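Now for the letters of each chain:
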Amino acid sequence: MKTVGIIAEYNPFHHGHLYQIRQLKSRTGADFVVAAMSGDFVQRGKPAIYDKYTRTRMALNSGVDLVLELPVCFATGSAEDFAACGVALLERLGVVDVLGFGSESGDCQKLFQVASVLAEEPNEYVLKLQNLLKQGVSFPAARAAAIEHCCGDSLKSLLLTPNNILAIEYLKALIRRDSPIKPVTVRRIGQGYHDTAAAKQEIFASASAIRKAIRENNYAMVRRQLPQEVLAVLQNMPDECPFPEYTDEKTLSGSPMPVFSDDFSELLNSRLLNLAHQEQENPFGVYADMAPELARRLQKNLLNFDSFSGRVMQLKTRSYTYTRISRALLHLLLGITAEQTLFYREQDYVCYARILGFRRQSRLLLSQISRNSSLPLITKTADAHKKLDAGSLAMLQMDFYASHLYQSLVFSRSGRKMNNEYTQSVIIL
């Protein structure tokens, strides 16, 4: 039995994801595909456009055999934490032979060269990086320049595109773990990761472009860019309006509702006010990714009420990317502290394997995982306390809180009720 593991967001699942899965199965001869997927919030510090159970159905309909949830504290973390958590989860299942991932490069050997430097951090690299950071250069730019200093210009370019960056982080995590899992990369085709232009039918659109089309009700483009297996998950919506606006009077109670960052604006502003009135010396600085400078700027702008995206703009400086700031605000909203993330890094990133869904044909895979996994498997959340110690249970409860916050937003915007984390069953197709 051969199993490919994929670390993903599927936000939403599109033709490029389907292409990747088919390529990986063809090239490796894999019998099963396991996806370690972000839950209701994703790595860029934003809510997923559809809830995790809808996205689990999309993945299972499209060739994935088993979907596991990445813990929210690292699913919303830096690229390094996101990758390290995903690799730890897949490796500790005890059944994954291959880690598959996309990249703009498609050259695993070159990606591995860069990953080796980042994993080992030689003095030459560290000194160059620290010098640039002291000059106020942002971390991504400083890291790319330090790699150029150590390895030459040709490899520096690998750190300038998002899928290459994640690919390098996956490889770095494998190197640091001395993992037996073998990496295989599939070259990305179609639009660039950040390209949001409406794509023609013959071109694979980026997830960013598809999310933009959903927001703008560009139904024709969305129908072209989502596989039939994914559209089948959304078939309870009328043909003439498959992605209705998510206003109370238009949204259908049974339809998956698209969610965006600014939907959380009211919750964020309320959370900021609540923290500010607790009379702590530094109420904002304890949260993950919230640097002291960002905390000070947030305190200064506390009463300049704005949307979630407007708050990001209030905090923007040359030293911090929009994504870093979005993550910091999201961690504040979810209550994820720097101390907690440090603790769970020291616990090897993941304390359990929570199953969101699987295909009936993959029961052999589940049996193998049950025998080989070094992680407790969570299927019935109400019974999780019987399998987890206090620290592990606290990590799972962070996932619960994040999903309940997401679900409350869906209900407040549309009136649509969702199963909570204690009543939702594992999805079986």
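Reading the values: rules and limits
- Residues numbered from 1 in each chain as written.
- Predicted model: local features only at pLDDT ≥ 70, side-chain atom pairs only at ≥ 80, totals over all residues.
- Heavy atoms only, no water.
- Helix = DSSP H or I, 4+ residues; strand = E, 2+ residues; numbered from the N terminus.
- Rg over C-alpha atoms; globule rule 2.2 N^0.38 Å.
- Buried < 20%, exposed > 50% of the residue type's maximum accessible area, 1.4 Å probe, protein only.
- Expected span 1.5 Å × (residues − 1).
- Contact = heavy atoms within 4.5 Å.
- Pairing = 2+ DSSP bridges.
- Core = buried A, V, L, I, M, F, W, Y, C linked by side-chain atoms within 4.5 Å.
- Salt bridge = Lys/Arg side-chain N within 4 Å of Asp/Glu carboxyl O.

## So, the overall build of the chain
Then comes step 1: The helix and strand inventory of the chain stands at 19 helices and 10 strands.
Then comes step 2: For 429 residues, the compact-globule estimate of 2.2 N^0.38 gives 22 Å, and the chain sits close to it at 21 Å.
Then comes step 3: In terms of its C-alpha atoms, the chain occupies a principal-axis envelope of roughly 55 × 55 × 50 Å.
Then comes step 4: Looking at the chain residue by residue over its 429 residues, the buried ones come to 54%.

## Here's the deal with helix 9 (residues 162-177)
Then comes step 1: With 16 residues, helix 9 ought to run about 22 Å at 1.5 Å a step, and its terminal C-alpha atoms sit 23 Å apart, in line with that.
Then comes step 2: Those residues of helix 9 that sit buried are Asn163, Asn164, Ile165, Leu166, Ala167, Ile168, Glu169, Tyr170, Leu171, Lys172, Ala173 and Leu174.
Then comes step 3: Buried positions along helix 9 lie against strand 1 (3-8), helix 4 (79-92), strand 6 (98-103), helix 5 (108-120), helix 7 (139-151) and strand 7 (182-187).
Then comes step 4: Remark: Asp178 follows helix 9 within two positions and exhibits a positive phi of approximately 50 degrees.

## Things to note about the environment of Gln130
Then comes step 1: Counting through the fold element by element, Gln130 comes out in helix 6 (residues 123-134).
Then comes step 2: Under the relative-accessibility criterion, Gln130 is labelled partly exposed at 40%.
Then comes step 3: Separated by 13 residues in sequence, Gln130 and Arg143 place their C-alpha atoms 9.3 Å apart.

## Here's the deal with the pairing of strand 6
Then comes step 1: Among the 6 residues that make up strand 6, 6 are buried, leaving the element largely enclosed by the rest of the structure.
Then comes step 2: Burial of the side chains of strand 6 extends over both faces: Val98, Gly100 and Gly102 are buried on one face and Leu99, Phe101 and Ser103 on the other.
Then comes step 3: Relative to strand 6, strand 1 is paired through 3 bridges, and the arrangement is parallel. Directly across from Gly5, in strand 6, lies its bridge partner Leu99.
Then comes step 4: In this sheet, strand 7 lies alongside strand 6 in parallel orientation, the contact comprising 6 bridges. Paired with Gly102 across the bridge in strand 7 is Val186.

## Observations concerning the nonpolar core
Then comes step 1: Ranked by size, the top nonpolar core spans 102 residues in total, and within it Leu66, Leu93, Leu99, Phe264, Met290, Leu329 and Leu332 carry the most contacts.
Then comes step 2: In this structure, Val33, Ala59, Ile210 and Leu356 belong to the second largest nonpolar core, which totals 38 residues.

## Quick word on the pattern of salt bridges
Then comes step 1: Summed over the entire model, instances satisfying the criterion amount to 22 salt bridges.
Then comes step 2: Salt-bridge contacts for Glu69 lead to Lys52; the nearest nitrogen and oxygen are separated by 3.1 Å. Note that Glu69 is positioned in strand 5 (residues 66-69) and Lys52 in helix 2 (residues 52-61), a separation of 17 residues in sequence.
Then comes step 3: You can call Glu69 buried: its relative accessible area is 3%.
Then comes step 4: Judged by its relative accessible area of 0%, Lys52 falls in the buried class.
Then comes step 5: Across the pair Glu69 and Arg354 runs a salt bridge whose closest N-O atoms are separated by 3.1 Å. Remark: Arg354 occurs in strand 8 (residues 353-358) and Glu69 occurs in strand 5; sequence separation between them is 285 residues.

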